[in-house]
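Here's the letter readout for the chains.
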Amino acid sequence: AKARGRNCYQFFNPELRDRAAKRYAVEADLARALERRQLRLEYQPLFSLHDQHVVGAEALIRWDHPDRGIVSPVEFIGIAEDRGLIVSIGTWVLHEACRQLAEWSARRNPALPALTMAVNVSSRQLSAPDFAGVVKDVLDRHRLAPTQLCLELTETAQLLDMTEARDALADLARLGVHIALDDFGTGYSSLAHLMQFPANVLKIDRSFVNQLETEGRGREIVAAVTATGHVLGMTVVAEGVETTGQLERLIALGCEQGQGYLLARPLRPDVLAALLELGSES
Ligand code: C2E
Ligand code: CA
Ligand code: CA
Ligand code: CA
């Protein structure tokens, strides 16, 4: 093989080989992570910006890998999508987040507004058979109002090309579940999609929120996006709020809800329960 010279170099590139080997190992482990109970959810609180109360939380998946430690969803959700594992993982996330929401709701002062739960949904899940039926079953099982659940979607461009996904979205909207356009303003989620999409929540991407205090046009862009959401009757949520300056500007712009390290990080369930000052389990 050596005689073939430089053209073979790439084939023997140790870096590529290592990357492929690592991916292969992650894929094999991920396929078993669910049954081995290595997946869990953290919950990042969402705050109402006008009174600073927690109105709900976003469920964010974590993988406790026995050798690699905590693996970020950024590293494994894409692999789960490619390997066809995202539907089973996503269904587990939906069940677990709703079970948790029902538990918290039962311990919460009934005079307070109902808590909401935001769940990230991959486009592959939406186009899987009977996704809307699965969502309805989960809500029924935990006796949750559909309006307590918000499904966060990215990759909306692809979604609109898929009949199954479009039908599922229409069914979910009719059911009363909230639909959020996640990462709004980035490549996968933009004005064009807003036009045809039955969403009622708009999440402004972190990359805009963190430009709120800089010299450029960040502030004007966030103002315009917020106004656009409001014209369309949507609730506007800012993600990645990290400074008090950003928070003040978002409040001034009339943005309804905020989420970010300044307000709270993603938390273990017991930590969020303490933050919510919930009563003991009945
Ligand atoms: P996302 O939906 O945009 O979630 C927000 C991400 O920003 C989370 O990262 C969160 O921890 C992080 N974040 C929150 N506040 C701040 C902040 O103030 N500053 C900064 N720098 N980051 C902040 P995480 O948990 O690593 O999740 C990454 C992405 O993985 C999520 O982005 C989402 O697209 C995906 N993901 C997470 N859980 C699930 C899931 O259950 N299903 C699916 N399909 N995707 C998920
Ligand atoms: Ca999200
Ligand atoms: Ca986001
Ligand atoms: Ca994101």
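Here the structure is a predicted model, which means the values were calculated and not measured.

Rules used throughout
Residues numbered from 1 in each chain as written. Chains lettered and ligands numbered in written order. Predicted model: local features only at pLDDT ≥ 70, side-chain atom pairs only at ≥ 80, totals over all residues. Heavy atoms only, no water. Near = heavy atom within 4 Å. Polar contact = N/O pair within 3.5 Å; in protein donor to acceptor, adjacent residues only side chain to side chain. Areas by Shrake-Rupley, 256 points an atom, 1.4 Å probe, with all protein chains shown as cover. Helix = DSSP H or I, 4+ residues; strand = E, 2+ residues; numbered from the N terminus. Nonpolar A, V, L, I, M, F, W, Y, C, P; charged D, E, K, R; others polar. Donors = N, O, S within 2.8 Å, 3.2 Å for Na, K, Ca; no water. Axes fitted to C-alpha atoms, helices over the stretch in contact; angles between N-to-C directions. Parallel < 35°, antiparallel > 145°, perpendicular 65-115°, else oblique. Left-handed = near helix turned anticlockwise from the far one by under 90°. Contact = heavy atoms within 4.5 Å. Disulfide = S-S within 2.5 Å. Buried < 20%, exposed > 50% of the residue type's maximum accessible area, 1.4 Å probe, protein only.

A. Fine view of the site of ligand 1. Lining the immediate environment of ligand 1, one finds 22 residues, of which R62, N120, R206, E242 and Y261 sit closest. A distance of 3.1 Å separates a nitrogen atom of ligand 1 from a polar atom in the backbone of I61. Within the side chain of E242, one N or O atom sits 2.5 Å away from a nitrogen atom of ligand 1. Look at ligand 1: alone it shows 800 Å² of surface, and the protein chains cover 83% of it. If you list the elements that add at least two residues to the shell around ligand 1, you get β2 (54-65), α2 (73-82) and β6 (178-184). A per-element tally of the shell around ligand 1 places β2 first, with four residues. The residue inventory of the shell around ligand 1, partitioned by class, reads nine nonpolar, six polar and seven charged.

B. Structural context of the coordination of the calcium ion (ligand 4). Bound to the calcium ion (ligand 4) on the protein side are D183 (OD) and D183 (OD), at distances that span 2.7 to 2.9 Å. The distance between the calcium ion (ligand 4) and the calcium ion (ligand 2) is 5.9 Å. The residue D183 is located in strand β6 in this model.

C. Spatial organisation of the packing of helix α10 (residues 218-231) against helix α11 (residues 244-253). Between α10 and α11, the shortest axis-to-axis distance is 10 Å and the interhelical angle comes to 40°. Judged on the interaxial angle alone, α11 and α10 are oblique. Once α10 is placed against α11, the crossing between them reads as right-handed. Contact residues: R219, V222, A223 and T226 in α10; R249, L250 and L253 in α11. Partitioned by chemical class, the residues of the contact of α10 with α11 number four nonpolar, one polar and two charged.

D. Main features of the state of the cysteines. Scanning all chains against the criterion turns up zero disulfides. The thiol sulfur of C98 is not disulfide-bonded, and the nearest other cysteine sulfur, from C150, lies at 12 Å. The class of C98 is buried, set by a relative accessible area of 1%. C255 carries a free sulfur, and the closest cysteine sulfur to it, the one in C150, is 14 Å from it. Residue class for C255 comes out buried when judged on its relative accessible area of 4%.

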